[in-house]
Amino acid sequence: MSRYSNLSHSELERMLSESERLLRADTDSDTDYLLHNLQLHKIELEIQNRDLMESQKELESIRDQYAELYDFAPVGYLTLDKNGIINNLNISAAGMFGAERSHIMGRPLSTQLAAGMGRLLFDHLRQAFSSDQKVTTDFILKTASKGITRYVRADTIVHADLDSEASCLMNLIDTTERRRAEQAVIDERTFLQHVIDGVDNPIMVISLDYKVLRMNDAAKRVANMQKIDLEHACCYQISHYRERPCDSEDYPCPLKIVLQTRLPSKVVHNHVSEMGAQRKFEISVSPLFDDHGEIMGVIESAHDITEHLELLEELKERQLSYAHLAQHDPLTGLPNRLLFADRLSQAIHVAHRNKTKLAVLFIDLDRFKEVNDSFDHSCGDAVLKETADRFQALFREDDTIARMGGDEFTVILTHIKKDSHAALVAKKLLNAFKQPFKIKKHKLFLSASIGISLYPDHGDSVDELVRNADTAMYRAKEEGRNTFQYYTLELTARAFERVYLASSLHNAILQNELILYYQPQFELITQEICGVEALVRWQNADLGLLAPDKFIPLAEESEVIGEMGAWIMKEACQQMKTWQESGVLRSDMTISVNLSGKQFDHNNLLEEIEQTLTATGLSPSCLELEITETTMMRSTRGTSETLGMLRKLGVKVAIDDFGTGYSSLNYLKQLPITRLKIDKSFVSDIPDNLNDVAISKAIIAMANNLLLDVLAEGVETGEQHQFLIQQGCRVGQGYLFARPMSSDQFEAFIQQKLQD
Ligand code: C2E
Ligand code: MG
Ligand code: MG
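The structure displayed is predicted, hence computed values, not measured ones.

## Section: the pattern of salt bridges
- Scanning all chains against the criterion turns up 29 salt bridges.
- Of the charged contacts in the structure, one is a salt bridge between Asp304 and Arg279, with a shortest N-O distance of 3.0 Å. Note that Asp304 is positioned in strand β10 (residues 295-304) and Arg279 in strand β9 (residues 278-289), a separation of 25 residues in sequence.
- Arg279 sits in the partly exposed class, given a relative accessible area of 23%.
- In this structure, a network of salt bridges that share partners links the residues Glu523, Glu624, Arg675, Asp709 and Arg730.

## Thoughts on the site of ligand 1
- Taken together, 23 residues lie around ligand 1, and Gln519, Arg537, Asp656, Glu716 and Tyr735 are the ones closest in.
- The side chain of Arg537 places a nitrogen or oxygen atom 2.9 Å from an oxygen atom of ligand 1.
- Here Lys680 contributes a side-chain N or O atom positioned 3.0 Å from an oxygen atom of ligand 1.
- When isolated, ligand 1 has an accessible area of 780 Å², and the protein chains bury 85% of it.
- Elements supplying a minimum of two residues to the shell around ligand 1: β19 (529-540), α17 (548-557), β21 (590-595) and β23 (652-658).
- If one sorts the elements of the shell around ligand 1 by residue count, β19 sits on top with 4 residues.
- For the shell around ligand 1, the residue count by class is 9 nonpolar, 5 polar and 9 charged.

## Concerning the nonpolar core
- Formed by 75 residues in total, the largest nonpolar core has its most connected members in Leu585, Leu623, Ile673 and Leu676.
- In terms of residues, this core owes the most to one element, helix α18 (residues 560-582), which gives 9 residues.
- Every residue in contact with Leu623, bar those within four places of it in the chain, is listed here: Met569, Cys573, Ile591, Val593, Ile609, Leu613, Leu618, Val651 and Lys652.
- One finds Leu413, Ile416, Leu444 and Ile450 within the second-largest nonpolar core, a separate group that totals 40 residues.

## A short note on the coordination of the magnesium ion (ligand 3)
- Only Asp656 (OD), Asp657 (OD), Glu713 (OE) and Glu713 (OE) from the protein coordinate the magnesium ion (ligand 3), and they sit 1.9 to 2.7 Å from it.
- We note that the donor set of the magnesium ion (ligand 3) lies within a single chain, spaced as D-D-x55-E.

## Quick look at the packing of helix α16 (residues 489-510) against α17
- In contact at an axis separation of 10 Å, α16 and α17 are set at 65° when each is read in the N-to-C sense. Viewed along their axes, α16 and α17 form a crossing whose handedness is right-handed. For the pair formed by α16 and α17, the contact residues are Glu497, Arg498, Leu501, Ala502 and Leu505 on the first element and Lys550, Phe551, Leu554, Ala555 and Glu557 on the second.
- Classifying every residue of the contact of α16 with α17 by side-chain character gives 6 nonpolar, no polar and 4 charged.

## Comments concerning the packing of aromatic side chains
- Enumeration according to the criterion identifies 11 aromatic pairs in this entry.
- Following the ring pairs from residue to residue traces out a cluster consisting of Phe391, Phe409, Phe433 and Phe437.
- Sitting over the ring of Phe437, Arg390 keeps its end group 3.9 Å from the ring centre.
- Against the face of Tyr735 rests Arg739, its NZ or CZ located 3.8 Å from the ring centre.

## Focus on the coordination of the magnesium ion (ligand 2)
- Protein-derived coordination of the magnesium ion (ligand 2) comes from Glu533 (OE), Asn594 (OD1), Glu626 (OE) and Asp656 (OD), at a distance range of 2.0 to 2.4 Å.
- In primary sequence terms, the donor set of the magnesium ion (ligand 2) follows E-x60-N-x31-E-x29-D.
- What makes Glu626 buried here is its relative accessible area of 1%.

## Points about the domain arrangement of the protein chain
- Taken domain by domain, the protein chain consists of domain 1 (9-68), domain 2 (73-174), domain 3 (187-310), domain 4 (330-507) and domain 5 (511-755).
- In this structure, domain 3 and domain 5 have C-alpha centres spaced 77 Å apart.

## Some thoughts on the sheet that holds β10
- As summarised here, the arrangement of the 5 strands in space is β7-β6-β10-β9-β8, forming an open sheet in which the pairing is antiparallel. Here the strands that pair on one side only, and so sit at the sheet edges, are β7 (212-215) and β8 (265-272). The sheet shows a mean angle of 25° between the axes of neighbouring strands, direction not considered.
- On top of the sheet, helix α6 (residues 176-197) reaches β6 (203-207) and β7; it is set at about 75° to β7, its chief contact.

Cut-offs applied
- Residues numbered from 1 in each chain as written.
- Chains lettered and ligands numbered in written order.
- Predicted model: local features only at pLDDT ≥ 70, side-chain atom pairs only at ≥ 80, totals over all residues.
- Heavy atoms only, no water.
- Salt bridge = Lys/Arg side-chain N within 4 Å of Asp/Glu carboxyl O.
- Helix = DSSP H or I, 4+ residues; strand = E, 2+ residues; numbered from the N terminus.
- Buried < 20%, exposed > 50% of the residue type's maximum accessible area, 1.4 Å probe, protein only.
- Near = heavy atom within 4 Å.
- Polar contact = N/O pair within 3.5 Å; in protein donor to acceptor, adjacent residues only side chain to side chain.
- Areas by Shrake-Rupley, 256 points an atom, 1.4 Å probe, with all protein chains shown as cover.
- Nonpolar A, V, L, I, M, F, W, Y, C, P; charged D, E, K, R; others polar.
- Core = buried A, V, L, I, M, F, W, Y, C linked by side-chain atoms within 4.5 Å.
- Contact = heavy atoms within 4.5 Å.
- Donors = N, O, S within 2.8 Å, 3.2 Å for Na, K, Ca; no water.
- Axes fitted to C-alpha atoms, helices over the stretch in contact; angles between N-to-C directions.
- Left-handed = near helix turned anticlockwise from the far one by under 90°.
- Phe/Tyr/Trp six-rings, centres within 6.5 Å; stacked < 30°, edge-to-face > 60°.
- Lys NZ or Arg CZ within 6 Å of the ring centre and 35° of its normal.
- Domains from an automatic or database assignment.
- Pairing = 2+ DSSP bridges.

Structure follows, in structure tokens:
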């Protein structure tokens, strides 16, 4: 750069013309030098001129660039004076106002703003001019012709450079789109809120820490009732008025369920309202996922289903009552023909599967038509109702007794163990007519005829069993009414005997028809008497002397066994004591008394025995109780305990009919027993049946090993006698030595023995 470069253009021009003037005035020897200098100046000037031109151009280009940047910046720039008059603005700003720049320049900014914005602008400028801080305000622009409201955000700061005239610089950012997007979100939210508010049931959006993020009006109402702070409410406070999350079965936690399953779910909560009313709520809950598929909470809605459930319950009851009507007889309330057939078919099914028997009883009232014809129909109805009531009183709830129509009734008896069982029930039904029917001041004496068919003997279908029971019923009518008949004659005969025996059993005790027979027990080697077994008999007026097998099972069925057992025990002990005192038997000998299963299970067995021993004065060691192996095996009370107590009393205990049950050696070892009695069925085939030989041998060996006494029943031959001695059996009982006999015969037998 030359040394003149700091001079302005006009100064250089002035220096040049001064040099020329001096040149013309002074013509001395330095003229060449001067000219040369001048020449140099000129060249320098020209260079400078060119530089200047270029700089000027560059400046202008930069200025144009800035002007363009200024004009088209995405931000509006305004320069305003203190009164808000627009001194300058860029094209973007003019664009925001929707007008030409020239039209706006020099006019107040307020004219570009929406009505009512003046005050805001005034405050904005006042604040800006009174500080050197940036001031920010949102303005609404004057609505353009398209009617779209535009929003701007103005940042204003006082213009520091222009200190002569106070002015400020304002940046305008068009926020219309952003505002519109924000507004859209707000509108959407409001819309959604309106939607959930429109739902009657409480809805809550719940975060993972049980906080309620959003709720509808219904939920708010619940919360407000409990004065819960909506900002910090937890779901369990609102739904259950409690201070900890739901957990029990009554309140399964919906959030936990969704976290486990990640699926929508439904639970029912039992609520007790503040007034104490019980309500049931169905809570529907769905997971709320974030953008990454993680559960961020749940949406829960509660629906009071109390009335709904009550309605369902009512409906169910009604359905049941319709079903009941369709299947029951309206007069008596008993199952009708339809239900009867259904139940019988099921019962046949079960009996088939379990290989058990069942019986169908067909009952027809005798001369019912006469009742109906002689009196009005309401009398007939009353008789049928009364009959149904009397029948029902005889059965358990699960027995089926039905009215087939008219004066016909049917009964299903399941699990009958013996064919004759049905006859006992038939007898009970007939007895139900013994009392006269008192209807409208009339006393009516009625009876019925009953037919019995058995499954599977008389049929294996509903139709067949009913038809055959019906046929049998007609035979009962022919037999003179007020009776029953089986479908087969042979069964009827047998059943009659049982029914007869069962009904006269009680009298047997009262009328002293029971007697004890005695069968002596012998030392097998010496053949000396060492004890005696008491065996009961029934001396029946019509049927003669009856063996225990005929009536003991009947006594067990009808509970007479208690009374009978007590009588036998007392009679046996008394007889033994008498024989000991009179020297017929020695005082170290025992009398064996059989106990039935029912007796063994009875609670006061021990007391009864104790009392009998005291009353008769017999020593406990002289009494042996025989309990069959099967009874011991299936006894309902603790067999071992009962036996233990009996042993404590001092009496002996023998297992009767040993070998017929299936007791294990292990079980046997634990029982406090004193003797095994080998069942006569094993003894009777010795020595021909090798199996029986082996079993007898094994029982004797086992008894000896367990240090138990062993007695063989039913010894009938010398061969059996010898075999038993060889095997080590000590005692025997059987026709070979003596049959059971009456007490008189027994005394005579002993006398005879003594004489031999
Ligand atoms: P049990 O206790 O096994 O009695 C033995 C049965 O075998 C008796 O029949 C007896 O007469 C019979 N017997 C004895 N020796 C022989 C023989 O050599 N050959 C044959 N074939 N039989 C023989 P009973 O008196 O008819 O008694 C039958 C069952 O009735 C008894 O079997 C017993 O279980 C029961 N029983 C008898 N008396 C009573 C009693 O007073 N109370 C109870 N609950 N049951 C009794
Ligand atoms: Mg016995
Ligand atoms: Mg026996």
